[in-house]
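Inside the fold
Residue strings, one per chain:
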Amino acid sequence: FDLSFRVDESALAADLLAATSDVAGELLESSRVFDEFKSPEGERALAIRYRLRAEDRTLTGQDLAAVREAMIEAASGIGAELRGA
C-alpha cells in the first residue's frame, strides 16, 4: 500500500522512512519513496510504497489497518501529516 505525507521543506525522506518502517517490525518486506510533490505554494509531500508480508500466515485487513495506523502515528511524531486526511 501507499501513503503520502505532508512534510516540512527541510524534512529528510530517510527520517520518515525510518519512523514509519520501524513500527511495522518483521512484517515490513520493503519500503521506498516513489514520489515527491512540491507545490508553488510551498507544500511538500513524500509518497511511500510499503510491502508487508508475514512468513507464517496471510495478513488480514485488520493486520494491515493496525500497521497503517501505527505508521501514520509514527509519522505524526516527527511532524509529518497524512496527505488527504
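This text goes with the structure placed above it.
All of these numbers come straight from a predicted model, not from anything done at the bench.

1. Side note on the overall build of the protein chain
The helix and strand inventory of the protein chain stands at 2 helices and 4 strands. For the protein chain, the sequential pattern of α-helices and β-strands runs β-α-β-β-α-β. Compactness check: the protein chain gives a C-alpha radius of gyration of 13 Å against a globular reference of 12 Å for 85 residues, within 12% of the reference. Expressed as a percentage of the 85 residues in the protein chain, the buried residues total 33%. Pairs at least 24 residues apart make up 65% of the contacts formed inside the protein chain by residues separated by at least 6 positions. Total accessible area on the protein chain is roughly 5400 Å²; 47% of this is exposed by carbon and sulfur atoms. For the protein chain, the distance from the average position of its 10 positive side-chain charges to the average position of its 17 negative side-chain charges is 6 Å.

2. Section: the pairing of strand β1 (residues 2-7)
Here β1 runs beside strand β3 (residues 44-52); their pairing, made up of 6 bridges, is antiparallel. The residue bridging Asp 2 from the neighbouring strand is Arg 49, located in β3. For β1 and strand β4 (residues 81-82), the ladder comprises 2 bridges, and the chain directions are antiparallel. Paired with Arg 6 across the strands is Glu 81, a residue of β4.

3. A few points about the side chain of Ser 4
With respect to the secondary-structure elements, Ser 4 resides in strand β1. Residue Ser 4 is classed as buried on the basis of its relative accessible area, which comes to 19%. Ignoring sequence-local partners within four residues, the contact set of Ser 4 consists of Ala 45, Leu 46, Ala 47, Glu 81, Leu 82 and Arg 83.

Rules used in this analysis
Residues numbered from 1 in each chain as written. Predicted model: local features only at pLDDT ≥ 70, side-chain atom pairs only at ≥ 80, totals over all residues. Heavy atoms only, no water. Helix = DSSP H or I, 4+ residues; strand = E, 2+ residues; numbered from the N terminus. Rg over C-alpha atoms; globule rule 2.2 N^0.38 Å. Buried < 20%, exposed > 50% of the residue type's maximum accessible area, 1.4 Å probe, protein only. Contact = heavy atoms within 4.5 Å. Areas by Shrake-Rupley, 256 points an atom, 1.4 Å probe, with all protein chains shown as cover. Lys, Arg positive; Asp, Glu negative; His and termini not counted. Charge placed at Lys NZ, Arg CZ, Asp CG, Glu CD. Pairing = 2+ DSSP bridges.

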